[in-house]
Amino acid sequence: MIIIPTILEKDLEEIKRKISIVGPHFKNIQLDLCDGQFVPNITFDGILELDNLETDAILEVDIMAIEPCEYVLPHLKKIKRF
């Protein structure tokens, strides 16, 4: 069994704080991204912010969007982590 903690946060500083807490204990951390249409947007605003997160853990992203490809693909070339 693999347990992957999920961070569902709006504030980027709070996300960083939570990553610093769980990061040393887990290989993977999941972050939720919402488009505001499929589900209410109660997460941070932007996939580009992933590059600003310091951790050795593998970041997984749960994309809760009506059109997930349209939500993410335009940004992939800009993200260094991918």
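Everything below is about the structure printed above this text.
Attention here is on the structure that accompanies the text.

Reading the values: rules and limits
- Residues numbered from 1 in each chain as written.
- Predicted model: local features only at pLDDT ≥ 70, side-chain atom pairs only at ≥ 80, totals over all residues.
- Heavy atoms only, no water.
- Salt bridge = Lys/Arg side-chain N within 4 Å of Asp/Glu carboxyl O.
- Buried < 20%, exposed > 50% of the residue type's maximum accessible area, 1.4 Å probe, protein only.
- Helix = DSSP H or I, 4+ residues; strand = E, 2+ residues; numbered from the N terminus.
- Arc of directions from axis to C-beta.
- Contact = heavy atoms within 4.5 Å.
- Core = buried A, V, L, I, M, F, W, Y, C linked by side-chain atoms within 4.5 Å.
- Pairing = 2+ DSSP bridges.
- Right-handed = clockwise from strand over helix to strand, strands pointing away.

Once that is clear, we can look at the pattern of salt bridges. Inspection of every chain in the model, using the stated rule, returns three salt bridges. Linking Lys18 and Glu9 is a salt bridge whose minimum nitrogen-to-oxygen distance equals 2.6 Å. Of the residues examined, Lys18 reaches a relative accessible area of 27% and is grouped as partly exposed.

Taken as a whole, helix α1 (residues 12-22) has its buried residues at Leu12, Ile15, Ile19 and Val22. One side of α1 carries all its buried residues, which in axial view fall inside an arc of 90°. Of the surrounding elements, those touching the buried residues of α1 are β1 (6-7), β2 (28-34) and β3 (58-64).

If you look at the biggest cluster of nonpolar residues, it comprises 15 residues, and the most contacted ones within it are Ile15, Ile19, Ile29, Leu31 and Leu53. For this core, the secondary structure elements donating two or more residues are α1 and β2. The dominant element in this core, judged by the number of residues it contributes, is α1, at four residues. For Leu31, the residues in contact, after removing those within four places along its chain, are Ile7, Ile15, Phe44, Leu50, Leu53, Leu59, Glu60, Val61 and Asp62.

Next up on the list: the sheet that holds β1. What the three strands build is an open sheet, ordered β1-β2-β3; its pairing is parallel. With partners counted over all chains shown, the strands left at the sheet margins are β1 and β3, one partner each. Judged from the seven bridges that link them, β2 and β3 form a sheet pairing that is parallel. Bridge pairing in β3 places Leu33 opposite Ile63.

Turning our attention to the pairing of β2. Burial within β2 is extensive, with seven of its seven residues counted as buried. A two-sided burial pattern is seen for β2, the buried positions comprising Asn28, Gln30, Asp32 and Cys34 on one face and Ile29, Leu31 and Leu33 on the other. Judged from the two bridges that link them, β1 and β2 form a sheet pairing that is parallel. Of the residues in β2, the one forming a bridge with Thr6 is Gln30. Handedness of the crossover is the feature at issue here: the chain leaves β1, passes through α1, returns alongside β2, and the resulting connection is right-handed.

Quick look at the environment of Ile47 now. Position of Ile47 relative to the elements: it lies in the loop between β2 and β3. By relative accessible area, Ile47 is classed as buried at 4%. Distance from Ile47 to Leu31, taken between C-alpha atoms, is 10.0 Å for residues 16 residues apart in sequence.

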